[in-house]
Amino acid sequence: MASRDVVSYDTPLSRALKVLAGLFLALYLVWTLLPFFVMFVSSFKDLLEAFKLPAVGDWAGITVFFEFTPTFKHYTSLFTENSFGTYILNSLIAAGGSAVISVIFGSLAAYSLSRVDFRGKQDLFFWIISTRMAPVVAVMVPLYAIFRSLDLVGTLPGLILAYTTFNLPFAIWILKGFFDNVPFAIEEAQMVDGSTRFQAFRSILPLVAPGIGAFVVLCILFAWNDFLFAAIIGSGGAKTLPVATRELVQPQNIQWGSIMAAGVVTTAPMMLLGLVIRKYLVTGLTMGAVKE
Amino acid sequence: MATVTIKNVWKYYGETPAVKDLNITCPDGSFVSILGPSGCGKSSTMRMLAGLEHISAGDILFDDQRINDLAPKDRDVAMVFENYALYPHKTVYENIANPLRLRKASEDTIKARVTGAAKLLEISHLLERRPHELSGGQKQRVAIGRAIVREPKLFLFDEPIAHLDAKLRAHMRGEIKHLQRTLGTTMIYVTHDQLEALSMADYIAVMHDGELQQWGTPAEIFNHPVNAWVAGFVGEPAMNFLTCDIKGQGDDVLLRHSNFEIPLLPGQVRQLNGAAQAGTARMGVRPDALSISMTRPDEAAMQGEIFVNELLGGDMLVEVQLDDCRIRVKTTPEFEGKPGENCFLSVNRDKWHVFDAGDGHAYF
Amino acid sequence: MTDVSPISANPRAVAAQIFRARAHSAEVEARPQSEITNRPRSFNPPMPKRYYYYLMAPAIAILAFISLYPFFWLIVMSLQDVDIGGGEWVGFKNYVKLFSDGRFLDGWWLLAQYSVMCLGLQVGLGVLLAVVVNSSKYEKYLVTALLMPMMMAPAVAGLLWLFLYNGTFGWYHWILQSVGILDNASILASANTAMYAIVLVDVWQWTPLITIIALAGLKRVPRDQLEANMVDGASPLRNFFAITMPNLYPVLLIAVLLRFMDNFRFIDSVLVLTGGGPGSATKILPVYLFEVAFKFFKLGRGAAIALTLLIVTIILGKLLVRVFEKPQNEKG
C-alpha cells in the first residue's frame, strides 16, 4: 500500500498529541524490552553481582546494574554440569518432529478440504479447530492416561504426538486458507493439459511452499515453547528446554545466572526464527483471522 | 479434430439445474460460440466438455466416442481459461511446454513446438519471462500458446478475452479467428459478448437459463431471432420493442399503435398465419431499420419528439419519445434535430419482427 | 421564457428519467415458455470423490486418535474414581462434588477476574499502541520489537519475571518500592497483589498481539470513507471514532476471543510464577485442574473439571468461528 496515510494538517492539538504519542511509545518500548535486557545482561553476571541492588529510592544507583565482570560460566555450566545439549536435542526432535508430521498430513488434509465439498464439512472443521483451542491441561488429563497405558509417557514419540494435538489442527486450519487462495483454475489447467489429480496437486505446491515453510517454523515455535506437555508427558526421558530451565529453580539454591543463561538459550533461536517468518507471524498467531 | 455431440445433457448443482436438456452438434473443424448472459449455463457446459464437471445426465461424444467418464487428461482437449490460469512460478516457455512435458514428449519436440507456437502468437521474445511480468494481452497469448502447442482434438476457450481492454479485444478477435482457420481444429468458444460471437463464430448457440434458445449461423441469429429474448440479447444498440394491436382491414393486416398504423407486407401476413388475428403482439425493430426525418415522409410514419441525441463517432443515436415509450434510431451525424423538436420515423418493413405477446416466439 | 426545457429544470430528475427509459428499452424480453420442465429421465452415476478422502484420511485418523479418542476417555474417566492404580465407577459423583468444592467455584471466579483484567489492559494498551505505531515512520522496526515477547516460551517468561519480581534482588521489585507502590514484601508474596503480578506478565507478553491485530485492522479501514468524512467536515478525532473504530471492532472481537481462549489454554507462566499461590489467590481454574490431576493424581475428578472447562471453551470457540467467517469472506 503506497499511500495509506490520509492527509493530516498541523494544529496545536495534533502537535501535542504527537508529543504524547512519542512519549507513550518510548515508555512502552522500555517496558517491553527491559526484561530482555535484564535477562541478557544477568546471564553474564556472577551470582553476587546479579543480586546487587541500589537502596530503595536511590535512582542514581541504577548504575550498579552495569557493575560486573562478564562471565560465560553460566553458559558453560549449562552444558557441563547440566545436560542442556541433550535437552536442546530433545526440544529440536519433539518440536521438529511434530511440525513435520503436522505439516505433511495437515497440508494433504487442508488441500482436500479446500477442494471438495461434502455434508458435515463445517462440523468436521469445527471439530478440528476446537481441538486446537482446547485448554492444554484439559487435553492432557485423558492423554496422560492413554499414553501411560501405551508406555508413551516420558518418551520423545509421546511428546511428538502430544504436540501434534495442537499443531495438526493448526496446520490444517491455516493451510486450508493458503490452498483456498490458489485458484482452482491452475489445477484445472494442469488436468486439461494432461496431468493426473495427484500431479495437479503437486503442481500447486510450489505456490504454497513459502507459506508451508513458514508454518513448519511456527509449529516448531509453538512446540518449542510448550511447558505443560513437556512437564507431564515428557517428564523423565524427554526433558525439553523450558522444563529444564524451570528445574534450575530449586527451593534452597536458585541459580539465577544459569536460569537467565538458559532463558537466553531457549529464547534466542525462536526469536531469530520469528524474525525470519515475520510476514506470516500475524496470520499464524491469529489463526488466519487477520492477514497482514 | 473431432465432431462434438452434446446429447440431452443436464447439469445439476444440488437440486438446481444449471444446464437443461442441451443438444448441440458441432461439426468437425467449426468455430462454435456459446453465447449467453452470466449464469445461463454456458460455462458449465464448457467445463463438462473439458471433464472438470461431472455430467449429471446425458452424454457427450467426441466423434463417436462417449467421453463422459474420461478424466480431463484423457480427453485430448485444450482449454484457455478466463483468467488464463498460468503457472505463476514458471517461465512462459515452461508454461507453454507444460502439456508436452506431461505427455513426456522429447526435449527436441518440445523446443520445436514451443518456439513454433510462440512465433505464431508473436511472443517469441517473451519466452524467458514469468507471467507476472506480462501484460494482460501477453498472458492471454501465452494461455493460447499452451493450448495450441499440443494439437488437440478440440479447443475450449472460456471468455478468453473478457479481461482485455476494448481495443485489444477487437484485435484479438481477429487473431483468434485467424488462428482457428489456420489450425482447422474444432473450437468451442464461450462468451457473454454478442459482438464476439457474431464476429468470430461459424455457428452460435444462444443459451438462457440453462436452455438452448437458438442454434444458427451469426446471420441467422441476427436476422431471424427465434424469440424476443434472443432478439433483445443480440445486437447493439438493442432492438426496440413496441406493444401493438393486430388488426385486419380488408385484405391487409395492420400493426396498430396509439401513434401509428402500418400494414404488414403480404409475405408477413402469411407468416402470421392468422395466429394472432385481432390480438396484441410485440413489434421489434432494430435502431438501424428505422429512419428519422424532421418532415413527414408519408402517411404511415410515426410521429414523436426527440428526447436526446448521442453522437457515437460515425453514427448518431437518437432517442425518440413516442407517446408513452421511447425508441432508439440510428442515423447519420449530420442529422440536425434538437431535443424537444418533433420528428418522424419510418420503418423498413423488410427488417422488422413481430413476436407473440405471450410467450415471445417470433412470427417473423 | 415559459417553455423551460426539462433538462435545465431539474437535471437530476431528467437523468433519472433517462436511465429508467434506457432500462426499459434495453429490457430483455420474455423468451418462449420453456418446454423443458421435467427432470432428465436418468442420471449418470456420480463422480467419485475418493481421491480427496484418501488425502484427508491420515490427518483425520491421527486427530481422531489424539483428540476424539481422548475426549471419550475423558468422559469415561470423569465417571470414575481414577488414580494411579486404576478406576472404579462412581457415576456422577465427581460432578456432584464439584458444586460443593469451593476451590472449583473460586477457580472459575478467579479465571474470570484474571481474563477480564488481562483483556481490559491488553485491548486498551494494544489499540492505543497500534494507533501510535501506525502513524510512525519506524513502523516496521517497532513491530519487530513488539513481536519479541511473543517469541519467548511462557514458562521462561514466568521465570524471568520471577527474577524481576524477587523481593530481595528483583529490579522491578526495586522500582515498585522506589516509586512507593510496594513495601518490603514481594508482589508475589501477598495474596492482594499476586493476581496483579500474573496479569502484568500476561499483559507484557501478549499486548503486542492485540497491537498487531489492531494494526492489520487499521490498514483495512477504507481510506475513501475517512476522506469522504473529512471532506464532509469531520475532525481527525471525530474521524477516528466515527470511521476507524467501527471498522476495527470486528478484528478486535477476534483478538479478544483468541486471547480469552488462550487464558484458558495456557497457564505456563502462572504455574511458574505462583503455582496458584499464595494460598489460592491465583488458583485460576486451569491451575486448579493441573493441581488436582497432576499433583494429587485425582484423574477422575480432574476429568470432570476438564470437561467443564472444555464445554466453556467449545462455546467460546463456536462464537469465535462465527466471527472468523466474516472477515475471511470479505477477503480484502
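Residues numbered from 1 in each chain as written. Chains lettered and ligands numbered in written order. Predicted model: local features only at pLDDT ≥ 70, side-chain atom pairs only at ≥ 80, totals over all residues. Heavy atoms only, no water.

Undergrad: An account of helix 1 (residues 12-42) of chain A is needed here, citing residue identities and associated values.
TA: Counted at 1.5 Å a residue, the expected span for helix 1 of chain A with its 31 residues is 45 Å, and the 44 Å between its end C-alpha atoms agrees. Of all bends in helix 1 of chain A, the biggest is about 40°, found at Leu33 of chain A, and the proline Pro35 of chain A comes one to four residues later. When we look at burial in helix 1 of chain A, the residues that qualify are Phe24, Leu25, Tyr28, Thr32, Pro35, Phe36, Val38, Met39, Val41 and Ser42 of chain A. Where helix 1 of chain A is buried, its residues touch helix 12 (256-276) of chain A together with helix 5 (102-134), helix 6 (139-151), helix 7 (154-165), helix 8 (171-178) and helix 9 (194-219) of chain C. (Helix = DSSP H or I, 4+ residues; strand = E, 2+ residues; numbered from the N terminus. Expected span 1.5 Å × (residues − 1). Bend = angle between axes of the 7 residues up to and from the residue. Buried < 20%, exposed > 50% of the residue type's maximum accessible area, 1.4 Å probe, protein only. Contact = heavy atoms within 4.5 Å.)

Undergrad: Break down the interface of chain A and chain C for me, with residues and values.
TA: Of the residues lining the interface, 111 residues belong to chain A; the matching set on chain C comes to 112 residues. Between chain A and chain C lies a buried interface of about 9,900 Å² when both sides are counted; carbon and sulfur atoms form 79% of it. Viewed at the interface, chain C and chain A are joined by 0 salt bridges. Taken together, the connections running from chain A to chain C amount to 14 residue pairs in polar contact (both at pLDDT 80 or more). The greatest single-element share of the side of chain A that touches chain C, amounting to 14 residues, is contributed by helix 1 of chain A. (Buried area = accessible area lost by both parts, 1.4 Å probe. Salt bridge = Lys/Arg side-chain N within 4 Å of Asp/Glu carboxyl O. Polar contact = N/O pair within 3.5 Å; in protein donor to acceptor, adjacent residues only side chain to side chain.)

Undergrad: Pulling in residues and values, what's your account of the UniProt feature "domain: ABC transmembrane type-1" (unreviewed entry) in chain A?
TA: According to UniProt, the "domain: ABC transmembrane type-1" (unreviewed entry) feature falls on residues 88-277 of chain A. For the annotated span residues 88-277 of chain A, helix accounts for 79% and strand for 0% of the residues, and the straight-line distance between the end C-alpha atoms is 21 Å. (UniProt positions renumbered as here; feature names shortened; annotations may be inferred.)

Undergrad: Tell me about the sheet that holds strand 12 (residues 252-257) of chain B, residues and numbers included.
TA: Residue and element names in this part refer to chain B. Read from one edge to the other, the open sheet built from 5 strands follows the order 13-12-11-14-20, with strand pairing classed as antiparallel. In this open sheet, the two edge strands, each paired with only one partner strand, are strand 13 (260-263) and strand 20 (353-356). Looking at each pair of strands side by side, their axes are set apart by 40° on average, direction ignored. (Pairing = 2+ DSSP bridges. Axes fitted to C-alpha atoms, helices over the stretch in contact; angles between N-to-C directions.)

Undergrad: Outline the domain arrangement of chain B, supporting the account with residue identities and numerical values.
TA: Residue and element names in this part refer to chain B. Under the domain assignment used here, chain B contains domain 1 (4-228) and domain 2 (240-356). The centre of domain 1, based on its C-alpha atoms, is set 40 Å off from the matching centre of domain 2. Each partner contributes to the interface: domain 1 provides 5 residues, whereas domain 2 provides 4 residues. Approximately 440 Å² of surface area, both sides summed, lies buried where domain 1 meets domain 2, with 67% of it carried by carbon and sulfur atoms. The interface formed by domain 1 and domain 2 holds 0 salt bridges in total. Counting the contacts that link domain 1 with domain 2 gives 1 residue pair in polar contact (both at pLDDT 80 or more). (Domains from an automatic or database assignment.)

Undergrad: Please provide a residue-by-residue account of the sheet that holds strand 9 (residues 203-208) of chain B, values included.
TA: Residue and element names in this part refer to chain B. Spatially, 6-7-8-3-9-10 is the arrangement adopted by the 6 strands of the open sheet, whose pairing is mixed. One side of each edge strand has no neighbouring strand; the edge strands of this open sheet are strand 6 (77-80) and strand 10 (211-216). Taken pair by pair, the neighbouring strands of this sheet meet at an average axis angle of 15°, ignoring direction. Bridge count for strand 3 (residues 31-35) against strand 8 (residues 186-191) is 5 bridges, and the pairing is parallel. If you follow Phe31 over to strand 8, its bridge partner there is Met187. The strands that helix 4 (residues 136-148) touches are strand 6 and strand 7 (154-158); relative to strand 6, the one it contacts most, it runs at about 175°.

Undergrad: I'd like to hear about the packing of aromatic side chains, residue by residue, with values.
TA: One pass over the full model with this rule turns up 52 aromatic pairs over all chains. Positioned above the aromatic ring of Phe222 of chain A, the side-chain terminus of Arg132 of chain A is 4.8 Å from the ring centre. (Phe/Tyr/Trp six-rings, centres within 6.5 Å; stacked < 30°, edge-to-face > 60°. Lys NZ or Arg CZ within 6 Å of the ring centre and 35° of its normal.)

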